[in-house]
Structures are given as C-alpha cells and as structure tokens.
Amino acid sequence: MTEYVGMSMPRYDGVGQATGRTKYVDDFVLPGMVYVKVLRSPVHKGVIRHLDLSAAENTPGVVGVLSAEDVPGVNLYGAGGDQPVFTPEHIRYKGELIAAVVGVDEDTAMEGVEKIDIQIEEQTPVFDMFEAMKPDAPLVRPDSESNLWEYEPGQTTRVMYIGDVEEGFAQAEHIVEGRYQTGEQDHAPLEPHASVAYLDEAERLAIHTVSQCLYFQLGQLAAIFGLPMSKIRYIGGTVGGGFGGKNHIHADHVAGIAALKFGRPVKYRETRREDLQYSTKRGVFILDYKTGVRDDGTLVANHIKLWHDSGAYGGFSPYGGEKCSMFASGPYHIPNIRTEAQTILTNKAGSSSMRGFTIMNGQFPMEMQLHKIAEETGIDPWELRFINAWRDGDKGVSRYTVRGAGAIEAMKKAADLAGIELPEHLLAMDSRTPPPQRGEAADVVD
Amino acid sequence: MKDVRYFAPTEMAEATQLLARYGDGAAVLAGGTDLVPQLNYYERHPEAIVFIGNLNLGYVKEDDSKLVIGAGTTLAELLASDLVVAHFGILADAISELGTVAIRTTATIGGNIANASPAADTVPPLLVMDADLVLVGPDGERTVALQDFFTGPGETILDTGELISEIHVPLLNGGTSFKKVGMRKAQSCAIAAVAVRIEMDGDTCTDARVALGSMAPTPLRCTTAEDLLKGETLDADLVARCAEAAVGQTKPIDDQRASAWYRIKAGKALIAKALSEAAGLGM
Amino acid sequence: MKETLSFVLNGSPVDVLAAPTETLLDLLREQLGVTGPKRGCDEGDCGTCTVLLDGQPVRSCLTIALTVAGKEITTVEGLADGRKLHPLQKAFHERGAFQCGFCTPGMLMSAKALLDGNPNPTRREIVDHMSGNLCRCGSYEEVIEAIQAVANGEYKE
C-alpha cells in the first residue's frame, strides 16, 4: 500500500469523465419527465400585491404551477433557516423565487411563466452594508428592527478575545490602523445548479442532486417536503464543480415539491444567467484593524471590527463572520486580540460559502495590515512576519493551541522560489523555537 | 416557440421574399452565434427563422483592385484566406482576437456587421478601408458605404427583406494597425478597439482613417482626428492630440465590462499605439 | 413546426424531427440521449458543449439543429473505438487533465480538432486554440501537457 504514497495515480472514475459516460444530474432524462421554469422577482425589494397563476396553469402542455402555498412542509430553509422556497409576500432580492410552472418541456413551462399575472409594490432597497446599518435604513426583514443578524436574541455582535487589547495597546510604541475590503465573487462552476426528482418504486422521493454536502441539506429538504428523512433518497456524488456554491439548496427543493405534487419525474435546472445573477455568492467583507506593535516588531494587540454582507438571507454568513474572526489575525502570535463581527442583511442574492470560506477574507487584510505596519515602523516585512509567526504551543483568538506550525518554513520556501535571499538570523528560525523578541503572553482571561 | 417556421432557401430571391413576408417576425440565421443565445434565453420570439447558409455567400475574391468578400464567409475562412492576410492584415488581426476557434468556425462577417453591435470587431478595420456593403432586397440591390450603415446599437439602415450580400474592400495604400482591449485576450467583447490606416509621404501624413469600436452607440469614424493628421508631420505630440480628439468624439458607456472613464483612457492609449505602429514611428 | 433532419452522428446516420429553435445540443442531449456534450452556459462562452461539425469545432449550443442537415457530427462518444480510448482520452485520464470532468467532453473535441489540423502545435498554439474551453477547477496546465504528450507521440492509437 505505502508504495503508492507520493505517486500520481489516474482517477478511479477518470475513464467515465474522459469518455463522457459519467452521468451528471442534467444528463438524466427519464420517461414522462416534466420540466420547471420559475418566476423570479424583477425588483430588489417589494411586496407581492397580486398573484394569479391561472393563465399559466391553463397553457397547453403545462402540467401545473407552484407557489408558496404548495410547499407541503415548512416554507423556510437555508443554514440561517430564514429563506422561503417561494416567497409568499415580501421580496428581499432581485431574482427571488415567487412561483414555478411545470410543463412538458422548458419552452412550454416558460410560456406559462410569461403568462403569470403579478403585481408587485416596489420598495426602496439597500445594497451597502454601512447604509443598511443606519437607523433609518430600509429593512430587509420587514418584521425586524434592524438589518443586523441576531446571533442570539438581542445579540448582534459576535465577540472573540484572548488577553486584553487595551493592556496590549498600553505596551505598544506604535499603533497602526487600516481598513480592508474584499468583494463579491461567483463560484461559476461549469455545471449550473440542476435537480432531477421522482417517486421511486418504494414511493420514496428520489432526488439526483448537484449538492456538495448532502447531509447539510437532507434535513432541510425533509422539513420542506414534510417527509421523514427515510422517505427521501438523496443521490449525489457527481458534481460538475461546486467551490462552495453547492452547499446551499438551489434546485432540489423546487424539483422535489413538483415531483410530489404531480407524481412525475421532474427536472429543474437554472440557466447560466440565473446561476450567475441569482445564486449565492462569496459575500463582501470589510475589516477595520487597530494593531499595537513594539519597537522591536513584536505584535502585542490586534483589535478587529469586521462586517460581513449576508445578502437577503442568513445562509452561512453568521458562521462565516465567526470563522473570519478566527483567521483575521493570520498565523501570528498576538497575545491580546479582540474581534467584533457583525453580519448585515442587504437586498442582494444571499452570500454563501466559497473556497477557503471566509479564511482569506481575514488573512488577506491581516497581510495588508502587516505591510502597512512594516511601512509605518520601518521594520522589514520579512522580519516582522518571522518574529511573530506562530510557534508550536501558541494560542489563537479562539484559544486553541497551535500544533505543527509551519508558517516560517512556508515563508522560507516562498522566498527561495521567489529568488529572495533572507538574512541568516531569519533562516535560523523555525516554528518549534520561540523568537528572542517574544515576551511572555498575557494570562488568558476567561 | 412551437409554431416557428424554418426556411433554408438556396436562392437569394427566395430568401429576400421570405424576409419581406415575415418582416419583423423573421430572424436571419447565418452562423447563429449572436441569434441563438437570444433564442435560448427567450429574448426573441421569431415567427420564422431564415437560414442563409445555403446561399453560397462564402468567398473572398480579388476584383479590380478591391477585395470582394461574400457576407456568409466565416471568420475562420477569412483568417485562412491568403488574400485577406496579404491585403487586409488588420482584418486578420481583428478576427484572430474575436471569439474563439469554435465561434469563428460558424460566425460570419456579414453577421458581425448586421448584428450592429458597437463592439463588432470586424467593423473598425473595414471602416478604415472605406468598405462598401452590397445590400440585396426584394426590389433589387444597392451599394452603401459601411460608415452610413449603422444607426444605433443593433440598428441599421437595412430595410425589411434586405440582406448584406457582399462587402467590397478597396485595396488602399498606407500602414495599418488594429488594437483591442478586452477582459481577457480570448473570447472577450471589446472594451475598446481601434483601427487606423495612415498614408505617409516621408514624415508627413497625406491621408488617414481612424475608427473606434465599443466607444459609442455605433462603431465610429473619428474624422476630427483624421483631419488633424492630414498634411501634418507626424510626431508624438500630434499622435497625442489625435488620440485626445478622437475620444472627444466618443460617447462610451459604463457597463459590466468597463466604465466610460476606463474606455476613454484605454481608447486614447490604443489610438496612440495604433497610429505609431501604422506610421512606423516605433514610439 | 418540426422538420425532418438527417445527418451523421459519430459515424451512424440519424433521422429525427427537430424544431426550428432546437439547438444541436438540445437534440443530442434531450432527444438522442447523447449526453457527453454538456450544457454549461447555452450562449457559447464556456465550451463544454463543443462538438465537431465536418471535423471543425463548433458550439452545439449555438448551432440550430436543422442547419446540420447532411453534415457529420462527432461528439466525445465518437472518440473511443469500443473500449479502446482515443490517445487524447488516455492522456487526459492518465495525466489528470480534469477534476470535476464537466469541461472534459468539450476540451477533448477542441483538442482533437487542433491536432487533426496541426499535429505538432506549439504551446502558444495550444493555449490559443483551447482558450474557448473554460475549466473552473483549473486543470489548464494538465490539459496543455496532455495535448503536448499526444502530439509528441506518447499515446499511440
């Protein structure tokens, strides 16, 4: 067995990919299958005042229609548990699902969608996090008092700390402040979101899914369908790229509801444009840093405020803010850290996980902050990173103890690859030995 | 969508009669690279699709000191044409950056023109060569200057029933250059594109053409820049003034690809580069 | 209104009915069950639906099915000879020129068109030719290497 370690092996399923035999979800065409097209909100924020699906329902070739009242179980899902499958009344983002038409083919279903009679009272949306936090901002959730996510009732800021930043700043000869922002990004896997659902021979609802994480979603689907999990056969494993975007349900809920209601195999797939415009994105992060540094370059305090744009629904964003807090001080030993994270709702498609979810959104600004510190203090940026890099036994803000630290070794390798000659005293450092500059960490205050 | 009719005429007269009969309900299908996405995304609901790929409009000929290009010639065929490469290098340059191999296999030059996108990459090179279009309709044929063809984004002077049948490109003198900037090199719609042709007598410019793409509602001839050049000694200062004058004639838009501000900046730089290259200035 | 359509698919004659707005991709996937070519964007940008039309690469999502009357279409299903893989398939598989594999059917057809017309392409020519086939997993380098390996004769038929 061990002879294979370090070898490049052809993929066990690679012949399927190379011959086109691998079946992705959209490759399933079942006898009697019907197709879904959806009505999405044309406005960013509003209230549905009138919805009449009868013209769509009476279109030749249309099997039936779906809206909020057709959700058999709970019309809420998502990691935040706050997103409706079909919105019954309030629209929170452009592209939000309102209704669906099921037809013998997509053209027919689309003909039905174009006939839906709908009236929406448009309202003023808010897209910018800081605008959304103002006291008079339009409310994304009509039943709430602010656009801040509540981690627990009344609790809108998630704080993590180790040590005491004020004590840290008191020891620092330099205080450096900076604001950093990362933008939105789409996952854009080549395979758009798609789902095929049907009732199997045991009357179970079978769903071929593009999901990256069936067990994040199975429970949510069971609640939506009002079925025990044992009545759902959730079939996944072949994914045409996900990159975090397929952690959220985009198609299985609609296909499943249609299969249950009409008793026929159903295919629902998003077009590329729907996928790009309305599916979940990597959300915007803004981080404010205040860092205390000693004359010798030792980092002694890091106070971070971070804001995460969640879009219209919670999704993974509250968790993302917490996770970002853990990584926003980078792989560096700072005895006094305080992070304050807030998640803000705006009238945009929901944010979601994406590759290195929220980690680089914290590490990128920390590295930029180190650059700024190097510039403002005149300390060499390599020196600054080497002396502060995690050594085994250090503690991060979440108070885990670092084992197997490797930042110094990685930096040495990077310098080597970049053709940069590091000074001897840095080359002599490693992740097992504390640097000479390092003072004793302040006691952890619980 | 179900009641759409499909026609694949083999005679021009039949094609123009079909187009006249269906009027606005007709969709002309050549290579399909612009039309089919509109069909796939339900943006167009034609009553009839008239496929003009069987009209034998794919050819490049040299005729009486001009190139005669059939409107149905694919971009791949143009790129492979010795006549185009020898006499009209900037068209080949523009096409080599247009779309990608699989798009160029089917996309036609007539389609690129008739679609009337402000970003049509073949148009600025054709404009600087003073190209004419032959339009054929149910009532006969007319020849128009390409620069009079466009009236707005997606809008042209084509009458109901009319098709572009040929493009006539005079084999004019002068150095030429084509420059484009997009989001990436391959398969990207131009953020700004520039073609120039400049005739020199020693250091003095005797005649010039400057054309821009993606900088206004239609592809644009920059006559103010051309007038500045004629009869003048070409140097870095004049090039800079021409670039300034040319973008002064434009009305670029902000969209997802670039801001108007960026288009102006990029357009100016491209004009200066193209003029220097076409005049052999090596600046 | 549907029209009759005859063409050759992977060496075999096909007679079908196709609607005027039906793309070749729709016809292959939904009517004929030939699901090698994938639907990635339906507007010609991603390249995963690439097939060969009389040996030249085209986007099947941009090709109205009725226009291929009398032509020869080759999809990824037409590459292997029974269980014997085409050298490009072998090279892609053995060199890991994909991760999720969704772009592979289009990549292979583009690569085949390249090598059929230019058996010894430079790296630059490979990059230019393949630039219309997107891979979000980022297997580009392995794709280039696989094509180079086939051109170098490392994977004989």
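This one's a predicted model, so the numbers in the text were calculated from it and none came from an experiment. (Residues numbered from 1 in each chain as written. Chains lettered and ligands numbered in written order. Predicted model: local features only at pLDDT ≥ 70, side-chain atom pairs only at ≥ 80, totals over all residues. Heavy atoms only, no water.)

Overview of unusual backbone geometry
Backbone geometry follows two general trends: most residues other than glycine have a negative phi, and most peptide bonds adopt the trans configuration. Selection rule: Here a strand is any run of E in DSSP of at least two residues, a helix any run of H or I of at least four, and the numbering for each starts at the N terminus. Only protein chains enter the accessibility calculation, which uses a 1.4 Å probe; a residue is then buried when its area is under 20% of its type maximum, exposed when over 50%, and partly exposed in between.
Although it is not a glycine, Phe243 of chain A adopts a positive phi angle of roughly 60°. Counting through the fold element by element, Phe243 of chain A comes out in the loop between strand 11 (232–235) and helix 7 (252–262). Judged by its relative accessible area of 11%, Phe243 of chain A falls in the buried class. In this structure, Asp42 of chain C takes a positive phi of about 60° despite not being glycine. Relative to the assigned elements, Asp42 of chain C resides in the loop between helix 1 (24–31) and strand 3 (50–53). For Asp42 of chain C, a relative accessible area of 13% puts it in the buried group.

Here we look at the packing of helix 2 (residues 87–94) of chain C against helix 5 (residues 140–151) of chain C
All names here are of chain C. Counted only if it meets this: A fitted line through C-alpha atoms serves as each axis, taken over the contacting stretch for helices, and the angle formed by two N-to-C directions is quoted from 0 to 180°. Angle categories are assigned with fixed cut-offs, so that under 35 degrees is roughly parallel, over 145 is roughly antiparallel, 65 to 115 is roughly perpendicular, and the rest are oblique. For a crossing to be left-handed, the near helix must be turned anticlockwise from the far one by less than a right angle; the clockwise case is right-handed. In what follows, residue pairs with any heavy atoms lying within 4.5 Å of each other are defined as contacts. When residue character is reported, Ala, Val, Leu, Ile, Met, Phe, Trp, Tyr, Cys and Pro are called nonpolar, Asp, Glu, Lys and Arg charged, and the others, Gly included, polar.
It is the contact of helix 2 with helix 5, at a shortest axis distance of 9 Å, that shows an interaxial angle of 135°. As far as their axial angle goes, helix 5 and helix 2 are oblique. When the axes of helix 2 and helix 5 are compared, the crossing they make is right-handed. Each of Pro87, Leu88, Ala91 and Phe92 in helix 2 lies in contact with helix 5, whose residues at this interface are Val143, Ala146, Ile147 and Val150. Residue composition of the contact of helix 2 with helix 5, by class: eight nonpolar, no polar and no charged.

Observations concerning the domain arrangement of chain B
Residue and element names in this part refer to chain B. Test applied: An automatic or database domain assignment is the source of the domain bounds shown. Buried area: the accessible surface (1.4 Å probe) lost by two parts on joining, summed over both. The salt bridge definition used is simple: a Lys or Arg side-chain nitrogen within 4 Å of an Asp or Glu carboxyl oxygen.
Per the domain assignment, the segments of chain B are domain 1 (5–51), domain 2 (60–170) and domain 3 (175–278). Each of domain 2 and domain 3 has a C-alpha centre, and these two points are 20 Å apart. Overall, the association of domain 2 and domain 3 removes approximately 1,900 Å² of surface from exposure, summing both partners, and the carbon and sulfur fraction of that is 64%. For domain 2, the biggest contributors to the area lost against domain 3 are Glu97, Pro118 and Val128; these three give 30% of the whole. Our enumeration of links across domain 2 and domain 3 arrives at three salt bridges. With its nearest N and O atoms 2.8 Å apart, the salt bridge here joins Asp121 to Lys180. Mapped onto the side of domain 2 that touches domain 3, the elements with two or more residues apiece are helix 5 (89–96), helix 8 (123–128) and strand 8 (150–152). Class assignment for the residues of the side of domain 2 that touches domain 3 results in 13 nonpolar, six polar and four charged.

Side note on the sheet that holds strand 14 (residues 220–221) of chain B
Think of a sheet as strands paired side by side through backbone hydrogen bonds, with each pair either parallel or antiparallel. Residues and elements named next belong to chain B. To keep things clear, this is the line we draw: Any two strands are treated as partners once DSSP identifies two or more bridges connecting them.
Ordered in space as 11-12-13-14, the four strands form an open sheet in which the pairing is antiparallel. The outermost strands of the open sheet, each flanked by one partner alone, are strand 11 (175–182) and strand 14. Bridge count for strand 11 against strand 12 (residues 190–201) is eight bridges, and the pairing is antiparallel. Within strand 12, the residue paired with Ser177 across the bridge is Val196. Sheet contacts for helix 11 (residues 260–279): strand 11, strand 12 and strand 13 (204–213); angle to strand 12, the most-contacted strand, approximately 30°.

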